[in-house]
Amino acid sequence: KTLSEAFSDDYTVGAALNVQLLQGINKKTDSIVRKHYNSIVAENCMKSMFIQPVEGEFAWVDADRFVDYGEKNNMEIVGHTLVWHAMAPDWFFVDSVGNDVSRDVLIQRMKTHIEAVVGRYKGRIHGWDVVNEAIDGPDGVRQSKWQTIIGDDYIEMAFKMAHEADPDAELYYNDYSMYEPKRREAGLRIVKNLLAKGIRIDGVGFQAHYGLDVPLVEVEKSIVAFGELGLKVMITELDLSALPFPSEEVTAEVSTDVAYQEKFNPYKEGLPTDIKNRWSQTYIDLFKLFTKHSKYISRVTFWGVNDTESWKNDWPIKGRTDYPLLFDRAYKEKSVVQSLVQLS
Ligand code: XIL
């Protein structure tokens, strides 16, 4: 069985696609995707800096390819993402002399963007990550330009605009580390506010960029907490880093210093057996948990396909060798794939 076949009674299983694949120059990854996954999300090409890099100038080529690809292969197609503080071009937020735009102007720009992007693919996208990563800081409110210029209600506005642009599309709130109790509470506040106001929201996405220390008990509490509200819970950006998560002081620069390499890039030549086993077991435990809660979980999406192309090699520090995904640098399936398939 393939991964999507194995879990077909429980949830869809998918992957984020990069533009190399969509441009047809990544055949090996392409065949893995078509074999194993029945759901796709755009890794980058629908983000505002790529799809509307200059005000009023939309670059649709890769996003069109993405949607065509999903339709041709009969996959669940997920759009990512409409409103996010990162990877959004500056023009959204500043006027011609570099000052913040007014609230009204930013609301109008958000509306134009959502109408254009959601409208173009109306009826073809299963669901949209409408707002991404609105949670941060001690009180849970990220003070992004969206929030500081418009106010907390930018979230409601974005969901309403997306719903108007495609009334049949599902709409999601997506964020990271949703297992942390404070972030869970902040997320619950956001979605409960939307539900209380009768604004359409179908689901919540847990990004799931996990490490070997991921607290499964807390992940479970979050699945249940959002699921009990009647929302679909989606694991939207799953990858499991085998590397230590560096503290915040570490810069994003590549360092060839030996001590630095030993500390932050220790497995350049491959994973030691004990780490590899722990890594596999953590994936198995995660999928057991997802299946246990399959009445809440509707989709599990990996953030990429193979280790070579994973963003984790460059985040949170650049130029590392990480092992977060199910397929290795030779495009070969790791043994954990069969372990997962056999869970079902
Ligand atoms: C990442 C992509 O994988 C990288 O290629 C890009 O350089 C930066 O963004 N949270 C998200 C995703 O919602 O869009 C991010 O994707 C990873 C973190």
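As recorded in an unreviewed UniProt entry, the protein chain goes by the name Beta-xylanase, listed as coming from Carboxylicivirga marina. Checking UniProt for the protein chain, the heading Sequence similarities (unreviewed entry) contains the comment "Belongs to the glycosyl hydrolase 10 (cellulase F) family." Quoted straight from UniProt, the Catalytic activity (unreviewed entry) entry for the protein chain says "Endohydrolysis of (1->4)-beta-D-xylosidic linkages in xylans."

Q: Would you mind going over the overall build of the protein chain with me for this structure?
A: A tally of regular secondary structure across the protein chain gives 13 helices and 9 strands. Relative to a compact globule of 344 residues, whose C-alpha radius of gyration would be 20 Å, the protein chain shows 20 Å and is just as compact. Projecting the C-alpha coordinates of the protein chain onto the three principal axes gives extents of approximately 55 × 50 × 40 Å. Expressed as a percentage of the 344 residues in the protein chain, the buried residues total 42%.

Q: What am I meant to see in the pairing of strand 9 (residues 297-302) here?
A: For strand 9, the buried fraction is high: 6 of the 6 residues fall into the buried class. Across 4 bridges, the pairing between strand 1 (residues 12-17) and strand 9 is parallel. When the bridges of strand 9 are listed, Gly14 appears paired with Thr301. Direction of pairing for strand 8 (residues 232-241) relative to strand 9: parallel, over a ladder of 4 bridges. Counterpart to Val233 in the pairing with strand 9 is Ile297.

Q: Is there a simple way to think about the UniProt feature "active site" (unreviewed entry) in the protein chain in this case?
A: Feature annotation in UniProt assigns "active site" (unreviewed entry) to the following positions: Glu237. Tracing the sequence through the fold places Glu237 in strand 8. Judged by the 23 C-beta atoms lying within 10 Å of it, Glu237 is buried. Ignoring anything within four residues of it in the chain, the contact list for Glu237 reads Ala16, Gln207, Ala208, His209, Thr301 and Trp303.

Cut-offs applied
Residues numbered from 1 in each chain as written. Predicted model: local features only at pLDDT ≥ 70, side-chain atom pairs only at ≥ 80, totals over all residues. UniProt positions renumbered as here; feature names shortened; annotations may be inferred. Helix = DSSP H or I, 4+ residues; strand = E, 2+ residues; numbered from the N terminus. Rg over C-alpha atoms; globule rule 2.2 N^0.38 Å. Buried ≥ 20, exposed ≤ 12 C-beta atoms within 10 Å, placed from the backbone. Pairing = 2+ DSSP bridges. Contact = placed C-beta atoms within 7 Å.

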